[in-house]
Amino acid sequence: MIKKMTCISCPIGCELTVFVNGEIKVEGNRCPRGLEYAKNEVTNPKRILTISVKVEDGVMELVSAKTDKPVPKKMLHEIIEYIKGLKIKAPVKRGDIIVNDILSTGANLVATRTVLKKD
Ligand code: SF4
């Protein structure tokens, strides 16, 4: 099997050709990170999740958040459903950990902005 993909590990964005035939070989990468990226994409693709979380008693009803590490793509739906059920209390500061080790992925969900408490 041959797959084409773009390495997103740095802004250069090398176009990779990945040969999967028992072992994984890669062409088009300018550095070893491209090989690592392609192997992960083929065996266990991961993504940073960006999402909003409900806030109680805040000046805004939602706070933006993202995972501090990529999480398995196959778990994205499950993680999103879990986060939809959350409601955190204001105030929330940018950088606060909202969920530690979300669904045992090893990634934390971190607030990316501040939401103050309502007066
Ligand atoms: S292969 Fe290396 S140089 Fe190319 S996009 Fe990936 S990290 Fe950047």
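Residues numbered from 1 in each chain as written. Predicted model: local features only at pLDDT ≥ 70, side-chain atom pairs only at ≥ 80, totals over all residues. Heavy atoms only, no water.

- The chain appears in an unreviewed UniProt entry as Molybdopterin oxidoreductase from Thermosipho affectus.

**Here's the deal with unusual backbone geometry**
Excluding glycine, a negative phi dihedral is what most residues carry, and trans is how most peptide bonds are arranged.
Part 1 of the reasoning: Following Ala90, the chain continues into Pro91 via a peptide bond in cis, with omega recorded as 0°.
Part 2 of the reasoning: Along the chain, Pro91 falls in the loop between strand 8 (87-89) and strand 9 (97-99).
Part 3 of the reasoning: A positive phi angle, close to 45°, is found at Leu103, a residue other than glycine.
Part 4 of the reasoning: Position of Leu103 among the secondary structure elements: in the loop between strand 9 and strand 10 (109-111). (Helix = DSSP H or I, 4+ residues; strand = E, 2+ residues; numbered from the N terminus.)

**Some details on the site of the ligand**
Part 1 of the reasoning: In the vicinity of the ligand, the contacting residues are Cys7, Ser9, Cys10, Ile12, Gly13, Cys14, Asn29, Arg30, Cys31, Arg33 and Gly34.
Part 2 of the reasoning: Here the shell around the ligand is built from residues that sort into five nonpolar, four polar and two charged. (Near = heavy atom within 4 Å. Nonpolar A, V, L, I, M, F, W, Y, C, P; charged D, E, K, R; others polar.)

**Here's the deal with the sheet that holds strand 8**
Part 1 of the reasoning: Reading across the sheet, the five strands line up as 8-5-6-10-9 and stay open at both edges, with mixed pairing between neighbours. A single partner strand is all that each edge strand has here, and the edge strands are strand 8 and strand 9. Neighbouring strand axes in the sheet, compared pairwise and without regard to direction, differ in orientation by 45° on average.
Part 2 of the reasoning: Looking at chain direction, strand 9 and strand 10 are connected through two bridges and run antiparallel. By the bridge assignment, Ile97 is partnered in strand 10 with Val110.
Part 3 of the reasoning: Against the sheet, helix 2 (residues 76-84) contacts strand 5 (50-56), strand 9 and strand 10, and its axis sits at roughly 15° relative to strand 5. (Pairing = 2+ DSSP bridges. Axes fitted to C-alpha atoms, helices over the stretch in contact; angles between N-to-C directions. Contact = heavy atoms within 4.5 Å.)

**Points about the layout of surface pockets**
Part 1 of the reasoning: The computed volume of the largest pocket comes to approximately 250 Å³.
Part 2 of the reasoning: Forming the boundary of the largest pocket are Ile8, Ser9, Arg33, Glu36, Tyr37, Asn40, Glu41, Lys46, Arg47, Ile48 and Pro70.
Part 3 of the reasoning: When contributions to the lining of the largest pocket are tallied by element, the ones reaching two or more residues are helix 1 (32-43) and strand 4 (46-47).
Part 4 of the reasoning: Residue contributions to the lining of the largest pocket peak at five residues, all from helix 1.
Part 5 of the reasoning: Its residues assigned to classes, the lining of the largest pocket shows four nonpolar, two polar and five charged. (1 Å grid on protein atoms, 1.4 Å probe; cavity = no way out; pocket = protein on both sides within 12 Å on 5 of 7 lines; lining within 4 Å. Points joined across faces, edges and corners; volume = space filled by probe spheres on them.)

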